[in-house]
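# Structural features, examined
Each chain, written out:
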Amino acid sequence: MKNRHRLPPAKLLALEAACRDQGLPLTVQRRVILEALAGRDDHPTADDILAQVRGRLPEISRTTVYRVLDTLVRLGLAVKISSPGAAVRFDCRTDRHHHLVCLQCEKVLDFEAPKLNRLPLPRSAAYAFVIQDYSIHFRGLCSECGSERPNGRNRKTHTPDARRAREENEE
Ligand SMILES: [Zn+2]
Ligand SMILES: [Zn+2]
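Source: prediction; values computed, not measured. Residue positions are counted from 1 within each chain, in the order its sequence is given. All chains are assigned letters beginning at A, and all ligands numbers beginning at 1, according to the order in which they are written. Under the rules for a predicted model, residues below a pLDDT of 70 receive no local features and side-chain atom pairs below 80 are neither given nor counted, while totals for whole chains, interfaces and linings still include all residues.

Extensive coverage of helix H2 (residues 28-38) is indicated by the burial of eight of its 11 residues. Any residue with 12 or fewer other C-beta atoms within 10 Å of its own C-beta is exposed, any with 20 or more is buried, and the rest are partly exposed; the C-beta atoms used are placed from the backbone. Secondary structure is summarised from DSSP: a helix means a run of H or I of at least four residues, a strand means a run of E of at least two, and numbering begins at the N terminus for each. Listing the buried residues of H2 in full gives Arg30, Val32, Ile33, Leu34, Glu35, Ala36, Leu37 and Ala38. Buried residues along H2 sit in contact with helix H1 (9-22), helix H3 (46-53), helix H4 (62-74) and strand E2 (89-91). Residues are treated as contacting if the C-beta atoms built from their backbones sit within 7 Å of each other.

Structural data, given as structure tokens:
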């Protein structure tokens with residue numbers, strides 16, 4: 001096992017406690033996947049995690065990675081982030097924080113805004129819905145995709161699809 005990817009002790013303890021409470025075994029897969037997620041702050045997709053853990057668990061299947069990530073979310077050790085039209089991403093940070101989502105490259109950055117952490121939860125009884133938490137996604141362009149040129153066009157093109165979408169928008 002590579003030391004530089006050790007699971008932070010607090011997260012490991014939380015995983016042990018959650019597995020014990022739920023009567024789940026602390027499998028190598030659960031530990032390695034949580035470790036992979038805890039080691040990055042770029043909000044990876046399940047496939048990103050799969051690519052990362054294949055180095056350590058060559059036999060692991062895509063289904064297992066998806067299932068383990070769902071288990072980690074159910075245990076409260078990670079959260080899912082979804083933006084319309086983009087792949088679901090996972091976040092090991094479960095404290096209240098917000099996100100900056102790039103509309104072009106779909107990058108997701110953590111955004112700290114203490115003022116936004118203290119919003120009063122609105123009444124939702126009329127919707128037969130109990131609000132428990134919130135997280136705000138601000139959509140825009142990251143520094144790599146930002147409109148450096150006044151007309152908003154950008155030399156940097158990440159994918160042919162992005163370029164095509166932009167050209168269609170300009171018509
Ligand atoms: Zn971007
Ligand atoms: Zn986050």
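Let's shift gears to the pairing of strand E3 (residues 98-102). Only strands joined by at least two bridges in the DSSP assignment are considered to pair. Two elements, E3 and strand E4 (residues 108-111), share four bridges in a ladder whose sense is antiparallel. Directly across from His98, in E4, lies its bridge partner Phe111. In sequence, E3 turns back onto E4 through a hairpin of five residues, with Glu106 there showing a positive phi of about 65 degrees. Note: E3 against strand E5 (residues 137-140), four bridges, orientation parallel. Within E5, the residue paired with Leu100 across the bridge is Phe138.

This part is about the packing of H2 against H4. Contact geometry of H2 with H4 gives a least axis separation of 10 Å together with a crossing angle of 75 degrees. In terms of orientation, H2 lies roughly perpendicular with respect to H4. Contact with H2, carried on its side by Gln29, Arg30, Ile33 and Leu34, involves Thr64, Val65, Val68, Leu69, Thr71 and Leu72 of H4 and no other residues of that element. The class makeup of the residues in the contact of H2 with H4 is six nonpolar, three polar and one charged. Note on geometry: axes are lines fitted to C-alpha atoms, helical ones only across the stretch in contact, with angles between N-to-C directions running from 0 to 180 degrees. Angle categories: roughly parallel below 35 degrees, roughly antiparallel above 145, roughly perpendicular from 65 to 115, and oblique for all the rest. Residues were grouped as follows: Ala, Val, Leu, Ile, Met, Phe, Trp, Tyr, Cys and Pro as nonpolar; Asp, Glu, Lys and Arg as charged; and all remaining residues, including Gly, as polar.

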